[in-house]
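These are the residues of each chain, in order.
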Amino acid sequence: MTSDDLRRALSLVDLTRLERPDDAEAIDALVAKAATDAGRVAAICVYPEWIERVLGAGVPVAAVANFPAGEDDPELAAREAAGAVAAGASEIDVVVPWRAFAAGDAEAVERIVAATRAAIGDGVGLKAILETGSLDGPEAMRAAAERALGAGADFLKTSTGKVGPGASLEAARVLLEVVGAAGHGGVKASGGIRTAEQAAEYVALADAVMGPGWAAPERFRLGASALVDDIVARLRGAAAA
């Protein structure tokens, strides 16, 4: 990978820490990774209680809602999302009720996404976490993605990273195809992306499906933590060579 490829991948990262319990020292270390001499990430993604602490990082703050369980409780998801926005988050990653959807409740995804959208308004980015690795194949992924996008999601996100398989190229392709057919929206691959080579595969897929250069922060994200360490180390190594 060239230095330009590495910088592009870094610019797409939602730098993520979603651990409970957690501590301020670990969150501060996360913030320190967000903007370095190697470049800036797209956003920091944390639990709502850490929003205030990461607001000074100089990048947008994403907070999770209905995470990670994906309960079929629109009021809870909406309340958590609204509280996060009030605390300073400019993006919300909400987990859809994928278990209810997988069990045959076709409208479960729409209920959560629509309620969350109504609670946060149109000016806040909304990512719907579909937990694609736990759905029954590409057609189920596609159906959930179409319902989420139709209900007001701005991004379709593969996974929480907490349940079963995380991101996969197969799932990312399905979500990209749904976005392409709709003519709007973005995709976030998340869960298990740790190396620059893995990131490059997702970026290449996005560009192949959607067109050269499509994978930009406003349309494509990589949810990760360790990935940033790998990219920055490679960039610094290249600079020192």
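Worth saying up front: this structure is predicted, and the values here are computed from it rather than measured. (Residues numbered from 1 in each chain as written. Predicted model: local features only at pLDDT ≥ 70, side-chain atom pairs only at ≥ 80, totals over all residues. Heavy atoms only, no water.)

### Some thoughts on the overall build of the protein chain
This is how the line gets drawn: Under the DSSP-based scheme used, a helix requires at least four consecutive residues in state H or I and a strand at least two consecutive residues in state E, with every element numbered from the N terminus. In this description the radius of gyration comes from C-alpha coordinates, and the expected globular size is given by 2.2 Å times residues to the power 0.38. With a 1.4 Å probe rolled over the protein chains alone, any residue whose accessible area is under 20% of its type maximum counts as buried; one over 50% counts as exposed, and the rest are partly exposed. Every accessible area reported is derived by Shrake-Rupley at a probe size of 1.4 Å, with residue values counting cover from the shown protein chains alone.
Helices and strands together make up the secondary structure of the protein chain, namely ten helices and ten strands. In summary, the protein chain has a C-alpha radius of gyration of 17 Å against a globular reference of 18 Å for 241 residues, a match within 12%. For the protein chain, buried positions account for 49% of its 241 residues. Accessible surface computed for the protein chain: about 9800 Å², of which carbon and sulfur atoms make up 50%.

### Observations concerning the nonpolar core
Inclusion rule: The definition of a nonpolar core used throughout is a set of buried Ala, Val, Leu, Ile, Met, Phe, Trp, Tyr and Cys residues joined through side-chain atoms within 4.5 Å.
Membership of the largest hydrophobic core comes to 84 residues, with the highest contact counts inside it found for Ile-92, Val-113, Leu-130, Leu-156, Phe-220 and Leu-222. Top contributing element to this core by residue count: helix α8 (residues 169–182), with seven residues.

### Regarding the packing of aromatic side chains
Applicable threshold: Classification of ring pairs uses Phe, Tyr and Trp, with its six-membered ring standing for Trp, and accepts pairs whose centres are within 6.5 Å; under 30 degrees between planes counts as stacked, over 60 as edge-to-face, and the remaining range as tilted. Counting as a charge over the ring demands two things of the Lys NZ or Arg CZ atom: a distance within 6 Å of the ring centre and an angle within 35 degrees of the ring normal.
This model, assessed by the stated rule, comprises two aromatic pairs. Where Tyr-47 meets Phe-67, the ring centres are 5.8 Å apart and the plane angle is 80 degrees; that geometry is what we call edge-to-face. Of the two residues, Tyr-47 sits in the loop between β4 (43–46) and α3 (51–54) while Phe-67 sits in the loop between β5 (61–65) and α4 (74–87), which places them 20 residues apart along the sequence. Note on accessibility: Tyr-47 and Phe-67 belong to one class, buried. Between the NZ or CZ atom of Arg-20 and the centre of the ring of Tyr-47, over which it lies, the distance is 3.6 Å.

### Some words on the side chain of Glu-91
Note the threshold: Whenever two N or O atoms come within 3.5 Å, that pair is a polar contact, provided that in protein one can donate a hydrogen and the other can accept it, and provided that, for residues adjacent in sequence, both atoms are side-chain atoms.
Relative to the helices and strands, Glu-91 resides in strand β6 (residues 91–95). A polar side-chain atom of Glu-91 sits 3.0 Å from a polar atom in the side chain of Arg-221.

### With respect to the packing of helix α7 (residues 138–150) against α8
The criterion, for reference: Helix axes are fitted to C-alpha atoms over the stretch in contact, other axes to C-alpha atoms as well, and angles between N-to-C directions run from 0 to 180 degrees. Small angles under 35 degrees read as roughly parallel and large ones over 145 as roughly antiparallel, with 65 to 115 read as roughly perpendicular and the rest as oblique. Each crossing is labelled by how the near helix is turned from the far one, with a counterclockwise turn of less than a right angle marking it left-handed and a clockwise turn marking it right-handed. Should any heavy atoms of two residues lie within 4.5 Å, those residues are counted as being in contact. For this classification, Asp, Glu, Lys and Arg are treated as charged, while Ala, Val, Leu, Ile, Met, Phe, Trp, Tyr, Cys and Pro are nonpolar and the rest, including Gly, are polar.
One way to put it is that α7 packs onto α8 with a least axis distance of 9 Å and a crossing angle of 40 degrees. As summarised for this structure, α7 and α8 are arranged oblique, according to the angle between their axes. The handedness of the crossing between α7 and α8 is right-handed. From α7, Pro-138, Met-141, Arg-142, Ala-145, Glu-146 and Leu-149 reach across to α8, where they touch Glu-170, Ala-171, Val-174, Leu-175, Glu-177, Val-178, Val-179 and Ala-182. Of the residues assigned to the contact of α7 with α8, the class counts are ten nonpolar, no polar and four charged.

### What about the packing of helix α6 (residues 108–120) against α7?
Their axes nearest at 8 Å, the elements α6 and α7 cross at an angle of 30 degrees. Accordingly, the angle class assigned to the pair α6 and α7 is roughly parallel. Judged by the sense of rotation from one axis to the other, the crossing of α6 with α7 is right-handed. Counted together, Val-109, Glu-110 and Val-113 of α6 and Ala-144, Arg-147 and Ala-148 of α7 form the full contact between these two elements. Grouping the constituent residues of the contact of α6 with α7 by class yields four nonpolar, no polar and two charged.

### Examining the sheet that holds strand β7 (residues 125–129)
Two orientations exist for strands paired in a sheet by backbone hydrogen bonds: parallel and antiparallel. The condition that has to hold: Whether two strands pair depends on DSSP finding at least two bridges between them.
Judged by pairing direction, the barrel is parallel, and its eight strands sit side by side in the order β1-β4-β5-β6-β7-β8-β9-β10 before closing back on the first. Geometrically, the sheet is characterised by an average inter-axis angle of 25 degrees between neighbouring strands, direction not taken into account. In this structure, β5 lies alongside β6, joined through four bridges in parallel fashion. From the neighbouring strand, Val-64 faces β6, where its bridge partner is Asp-93.

### Describing the pairing of β4
On β4, burial covers both faces: Ala-43 and Cys-45 on one face and Ile-44 and Val-46 on the other are all buried. Relative to β4, strand β1 (residues 13–16) is paired through three bridges, and the arrangement is parallel. Its bridge partner lying in β4, Asp-14 is registered against Ala-43. When β4 meets β5, the two strands line up parallel, connected through three bridges. Bridge pairing in β5 places Ile-44 opposite Val-61.

### Side note on the pattern of salt bridges
Formally: Between Lys or Arg on one side and Asp or Glu on the other, a salt bridge is scored when a side-chain nitrogen of the former is within 4 Å of a carboxyl oxygen of the latter.
As enumerated under the stated definition, the model contains 25 salt bridges in all. One salt bridge in this structure joins Asp-105 and Arg-111, with 2.5 Å as the shortest N-O distance. Given a relative accessible area of 27%, Asp-105 falls into the partly exposed group. Across the pair Arg-142 and Glu-177 runs a salt bridge, and its minimum N-O distance is 3.0 Å. With a gap of 35 residues between them, Arg-142 in helix α7 and Glu-177 in helix α8 connect regions that are remote in the sequence. Using a relative accessible area of 22% as the deciding quantity, one classes Arg-142 as partly exposed. With a relative accessible area of 31%, Glu-177 lands in the partly exposed category. Through salt bridges with shared partners, one network takes in Asp-14, Glu-91, Asp-93, Lys-127, Lys-157, Lys-188 and Arg-221.

Taken by themselves, the reported measurements are silent on function.
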